[in-house]
Amino acid sequence: MKRHTKNLLFASLLYLPAFIAIILISMVSDLGIALFLDEETINPDTVIFIATVFFTLAASYAAYFVFYLMQRKIANEDINAKSLRLFPRIIGATVASAVSAVVLFICLSWISDNGEEISILSMNYTLLGVIFAVTLAVNFVSFICFKPRL
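Residues numbered from 1 in each chain as written. Predicted model: local features only at pLDDT ≥ 70, side-chain atom pairs only at ≥ 80, totals over all residues. Heavy atoms only, no water.

### Describing a nonpolar patch on the surface
(1) Moving on: On the surface, a nonpolar cluster with roughly 440 Å² of combined accessible area is contributed by Met1, Leu9, Phe10 and Leu13.
(2) Moving on: Note on placement: Leu9 falls in helix α1 (residues 3-28).
(3) Moving on: On the accessibility criterion, Leu9 (41% relative accessible area) is partly exposed. (Patch = residues over 30% accessible without salt bridge, like charges linked within 9 Å, V, L, I, M, F, W, Y side chains within 5 Å. Areas by Shrake-Rupley, 256 points an atom, 1.4 Å probe, with all protein chains shown as cover. Salt bridge = Lys/Arg side-chain N within 4 Å of Asp/Glu carboxyl O. Helix = DSSP H or I, 4+ residues; strand = E, 2+ residues; numbered from the N terminus. Buried < 20%, exposed > 50% of the residue type's maximum accessible area, 1.4 Å probe, protein only.)

Here's what the structure looks like:
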């Protein structure tokens, strides 16, 4: 397997543990997330939270995958293409983080059926901070460490 393919695989596998880590950190710590209200009903705010985390990380991964495909196209067309420097990878990570922030902002408008007028993400900025901080870290690690063009 070529090194750039391994880098894509490792970067892809980085987003799944990030998803699990965000969910576990939020549920274990006292941030207002609990999967069940009682023994039978699922908390709708938690479902909104999990969906928000999923869509935010999916948008980040989509940005990385598009970046990967663009860089692979350049590398395949020009055999003498220079190796990808640090600055373009930082720009890619910044763009992916901006895309994630937009998705996170869109998800702020989701409200639950519990009668509240705002969602748990709008009420609890710590949850938003956890989501964005982990997404930001994953973006920069995947873009900087796992180069699509060597």
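### Considering the packing of aromatic side chains
(1) Moving on: In the structure shown here, the tally under the stated rule is 7 aromatic pairs.
(2) Moving on: Here Tyr15 and Tyr61 contribute two aromatic rings whose centre-to-centre distance is 5.5 Å and whose plane-to-plane angle is 70°, an arrangement assigned as edge-to-face. A residue pair is termed long-range when its members are at least 10 positions apart, and Tyr15 in helix α1 and Tyr61 in helix α2 (residues 44-77) qualify at 46 residues.
(3) Moving on: Residue Tyr15 is classed as buried on the basis of its relative accessible area, which comes to 5%.
(4) Moving on: Here the aromatic cluster, defined as three or more aromatic residues joined through ring pairs, consists of Tyr15, Tyr61 and Phe65. (Phe/Tyr/Trp six-rings, centres within 6.5 Å; stacked < 30°, edge-to-face > 60°.)

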